[in-house]
Amino acid sequence: MSNRHRLTFTAAPQHIDELGHVNNAVWLQWVQDIAVAHWEAVAAPAHQAAYVWVVTRHEIDYRGNIGAGEGVTAETFIPEGPTGARFDRRVDFTNAAGKVIVSARTTWALLDRASGRLLRVPRDVAAPFLPEGANP
């Protein structure tokens, strides 16, 4: 199973700021959208019912942008195993020419859905998201 997940996003008129390209807040929303989609596509239903993720940090590099009607392919992956309750996630957005124009590294923390408390990421939760052969 690949630990990478891809989605395509298209810039709509409401995504465009006064500079004529996708607003920074929209890129951040797309980072969250693909992270949630990856979790929902890969995590076991029991894990989805028991746990919820919250963002603790976003770091985004902007190397380009797109305008209304243009699209990007987003690819997300988990580059390494968790540290305690936290997992780092990478998201790269590639334009039609194949260039990565926006790249994000975000940190997410795992919460127990019932108690709302931070929880060390269990091995069986981490395993499906890691590269083959990686240690959760």
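A brief structural summary. Values in this document were obtained by computation on a predicted structure and should not be read as measured data. (Residues numbered from 1 in each chain as written. Predicted model: local features only at pLDDT ≥ 70, side-chain atom pairs only at ≥ 80, totals over all residues. Heavy atoms only, no water.)

## Considerations on the overall build of the protein
In terms of helices and strands, the protein carries three helices and five strands. Going residue by residue from the N terminus, the α and β elements of the protein occur as β-α-α-β-β-β-β-α. If one aligns the C-alpha atoms of the protein with their principal axes, the spans along those axes are about 45 × 30 × 25 Å. When the 136 residues of the protein are sorted by exposure, 38% land in the buried category. Contacts in the protein between residues far apart in sequence, at least 24 positions, make up 67% of those at least 6 positions apart. (Helix = DSSP H or I, 4+ residues; strand = E, 2+ residues; numbered from the N terminus. Buried < 20%, exposed > 50% of the residue type's maximum accessible area, 1.4 Å probe, protein only. Contact = heavy atoms within 4.5 Å.)

## Regarding the nonpolar core
Core analysis: the biggest nonpolar cluster contains 16 residues, and Trp27, Trp30, Ile66, Val72 and Phe93 have the highest contact counts within it. Setting aside anything within four residues of it in sequence, one finds Ile66 in contact with Ala11, Ile16, His21, Val22, Trp27, Trp30, Gly71, Val72 and Ile101. (Core = buried A, V, L, I, M, F, W, Y, C linked by side-chain atoms within 4.5 Å.)

## Concerning the packing of aromatic side chains
Tallied over the full model, the rule gives eight aromatic pairs. Aromatic pair Phe9 and Trp30: ring centres 5.0 Å apart, planes at 15 degrees, arrangement stacked. With Phe9 in strand E1 (residues 5-10) and Trp30 in helix H1 (residues 24-42), this pair connects stretches of sequence that are 21 residues apart. Residues Phe9 and Trp30 agree in their burial class; the two are buried. For the ring pair Trp30 and Phe93, a centre distance of 6.4 Å and an interplane angle of 40 degrees mean the geometry is tilted. A residue pair is termed long-range when its members are at least 10 positions apart, and Trp30 in helix H1 and Phe93 in strand E4 (residues 86-94) qualify at 63 residues. Counting every residue linked through ring pairs, the aromatic cluster contains Phe9, Trp27, Trp30 and Phe93. (Phe/Tyr/Trp six-rings, centres within 6.5 Å; stacked < 30°, edge-to-face > 60°.)

## Some details on the side chain of Thr106
By secondary structure assignment, the location of Thr106 is in strand E5 (residues 100-112). There is a polar contact of 2.7 Å between the side chain of Thr106 and the side chain of Trp108. Apart from the residues lying within four places of it in its own chain, the contact partners of Thr106 are Val31, Arg57, His58, Phe87, Asp88 and Arg89. (Polar contact = N/O pair within 3.5 Å; in protein donor to acceptor, adjacent residues only side chain to side chain.)

## Notes on the sheet that holds strand E3 (residues 71-77)
The strand order E1-E3-E4-E5-E2 describes an open sheet built from five strands, whose pairing is antiparallel. Each edge of the open sheet carries a strand with a single partner, namely E1 and strand E2 (51-62). Averaged over all pairs of adjacent strands, the angle between their axes in this sheet comes to 25 degrees, without regard to strand direction. Alignment of E2 against E5, held across 11 bridges, turns out to be antiparallel. Considered in E5, the bridge of Arg57 is made with Thr107. (Pairing = 2+ DSSP bridges. Axes fitted to C-alpha atoms, helices over the stretch in contact; angles between N-to-C directions.)

## As for the side chain of Asp17
Checked against the element boundaries, Asp17 lands in the loop between E1 and H1. One buried charged residue, Asp17, forms no salt bridge at all, with the nearest opposite charge on Lys99 at 17 Å. Excluding anything up to four places from it in sequence, Asp17 contacts Val22 and Asn23. (Lys, Arg positive; Asp, Glu negative; His and termini not counted. Salt bridge = Lys/Arg side-chain N within 4 Å of Asp/Glu carboxyl O.)

## A short note on the environment of Arg123
With respect to the secondary-structure elements, Arg123 resides in helix H3 (residues 123-126). Looking at Arg123, the relative accessible area reads 55%, which means it is exposed. Spatially, the C-alpha atom of Arg123 lies 9.0 Å from that of Pro82, the residues being 41 residues apart in sequence.

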